[in-house]
Amino acid sequence: MSEQPFLDNALLFTRALKAAGLPITPTQAADFCQGLTLIDIGRREQVFHAARSLLVTHREHLALFETLFNLYWRSAAWGAGGHGQKMPVAPRHNRPREHRATLAALMAARARPADTELDLTDRSASYSGVELLQRKDFGAMTPEELETIKRLMEAMRWRVSLRRTRRLVVDPKGARLHLRRCLRSAGQTGGVPLRLSWQSPKIKQRPLVLLADISGSMDKYARLVLQFFYCVSHSLRGVETFVFGTRLTRITPALKLKNIDQAINQAAREVIDWSGGTRIGDSLQQFNRQWSRRVLRRGSIVIVISDGWERGDVSRLAEGMRFLQRRCHRLIWLNPLSGQAGYTPRVEGMAAALPFIDDFLPIHNFQSLTALADHLASLGHHHPTRGAAVPIRQPASAL
């Protein structure tokens, strides 16, 4: 293998890290490429440690970096020997002139401002592999690819839109006088309010409630949905999580465990109807009777994940959805099948639920998760226009 393609791939690797959210600057990219001239690029472990020391500046990015490195620099490139296998490298005197010019340009990048972007033209299939994995359907992934997606999900940071509460808090920039503080201050200055205090409504995160279908028709997505629940629960406060098949099970305490695998296994053990039948309507009725008053606090957002296959009474599903929509600020339905080209909600359960859904979104690949994260963070203060589901427009690359 010649050094020029390797250098091109090194540049594209920094681009892949930056696209994934790591703060890679042009100076770091130049340092990394210069560092490659000081190590044996035929040894995978030397490239790994050089990249990690020069491109990762925050501890929380280590897991994401390792995942992307293993995905981008596959062991096959070093041969079957993995870390210890030598990669053939062209002799230094045979290095093409373009290689020397590229290195010179990278060294010149040190003098550029920190916000200057390097021109990293995509000339490699390695970075395309990362994009393809993000667009690949969860149900078609291999165990190794699912492990990679799990790492990417752990690195995601979720945000939910905020809401104004009725409670007032002290705020120097507020629009309302804090009369109690003003009177207390006036008592210290002979009854004259020389110092005015102001207050404004307190801003809080909207409560989030997650309900997922773990019946047989959702079996190939169920464990990944639990990983999604775990990541959201550890990014936000006060998240309530439930799963259902023929009955409803609350798994919020199990997902509080720090280890993701232990948390998911504990949650799975608590569910007695895993991969069984589907009674969405009965499960929603149980949630509305037993849990809605406890967990649906003011301004709640409810997310239901299911393919809509209902084995019970469809009218009970419609009734449960109608009640649930009235009790929450936003009712979102995620369907892994809706990401397929030409999908229409023909099954009775999905058709019965659709009139009471505020947002109808897919959840079939990693890009659909990032679209959901952006949507949750951008929800406004006002109730949506109700009466029919509002599908969120997906980019073509997410389908």
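Residues numbered from 1 in each chain as written. Predicted model: local features only at pLDDT ≥ 70, side-chain atom pairs only at ≥ 80, totals over all residues. Heavy atoms only, no water.

**Q** Now, about the packing of helix H7 (residues 143-155) against helix H9 (residues 219-235): what can you tell me, with residues and values included?
**A** The N-to-C vectors of H7 and H9 enclose an angle of 20°; their axes lie 9 Å apart at closest approach. In terms of their interaxial angle, H7 and H9 are classed as roughly parallel. The way H7 lies across H9 gives a crossing that is right-handed. Residue-level contacts link Leu146, Ile149, Lys150, Met153 and Glu154 of H7 to Leu224, Gln227, Phe228 and Cys231 of H9. Classifying every residue of the contact of H7 with H9 by side-chain character gives 6 nonpolar, 1 polar and 2 charged. (Axes fitted to C-alpha atoms, helices over the stretch in contact; angles between N-to-C directions. Helix = DSSP H or I, 4+ residues; strand = E, 2+ residues; numbered from the N terminus. Parallel < 35°, antiparallel > 145°, perpendicular 65-115°, else oblique. Left-handed = near helix turned anticlockwise from the far one by under 90°. Contact = heavy atoms within 4.5 Å. Nonpolar A, V, L, I, M, F, W, Y, C, P; charged D, E, K, R; others polar.)

**Q** Account for the side chain of Ser306, with residues named and values stated.
**A** Structurally, Ser306 can be placed in the loop between strand E7 (301-305) and helix H13 (314-327). A residue is classified by how much of its surface remains accessible, and Ser306, at 0% relative accessible area, is buried. A polar atom in the side chain of Ser306 sits 3.1 Å from the backbone nitrogen of Gly308. (Buried < 20%, exposed > 50% of the residue type's maximum accessible area, 1.4 Å probe, protein only. Polar contact = N/O pair within 3.5 Å; in protein donor to acceptor, adjacent residues only side chain to side chain.)

**Q** Let's hear about a nonpolar patch on the surface: which residues, and what values?
**A** Together, Leu177, Leu179 and Leu196 line one region of the surface with nonpolar side chains, adding up to about 280 Å² of accessible area. The class for Leu177 is partly exposed, based on a relative accessible area of 36%. (Patch = residues over 30% accessible without salt bridge, like charges linked within 9 Å, V, L, I, M, F, W, Y side chains within 5 Å. Areas by Shrake-Rupley, 256 points an atom, 1.4 Å probe, with all protein chains shown as cover. Salt bridge = Lys/Arg side-chain N within 4 Å of Asp/Glu carboxyl O.)

**Q** Go over the packing of aromatic side chains with me, naming the residues and quoting the values.
**A** Under the counting rule described, the total for this entry stands at 11 aromatic pairs. Relative to Phe65, the ring of Phe48 lies with its centre 5.7 Å away and its plane at 40°, an arrangement referred to as tilted. Of this pair, Phe48 sits in helix H3 (residues 44-55) while Phe65 sits in helix H4 (residues 62-72), and the two are 17 residues apart along the sequence. Look at Phe65 and you get buried, because its relative accessible area is 0%. On the basis of an interplanar angle of 50° and a centroid distance of 5.8 Å, the ring pair of Phe228 and Phe229 is categorised as tilted. One exposure class covers both Phe228 and Phe229, and it is buried. Here the aromatic residues Phe13, Phe32, Phe48, Phe65 and Phe69 are joined through ring pairs into a cluster of three or more. (Phe/Tyr/Trp six-rings, centres within 6.5 Å; stacked < 30°, edge-to-face > 60°.)

**Q** Explain the side chain of Thr67 residue by residue, including any values.
**A** Looking at where Thr67 falls in the secondary structure, it is placed in helix H4. At 3.0 Å, the side chain of Thr67 and the backbone oxygen of Ala63 are in polar contact. Apart from residues no more than four positions distant in its own chain, Thr67 is found in contact with Thr148 and Arg151.

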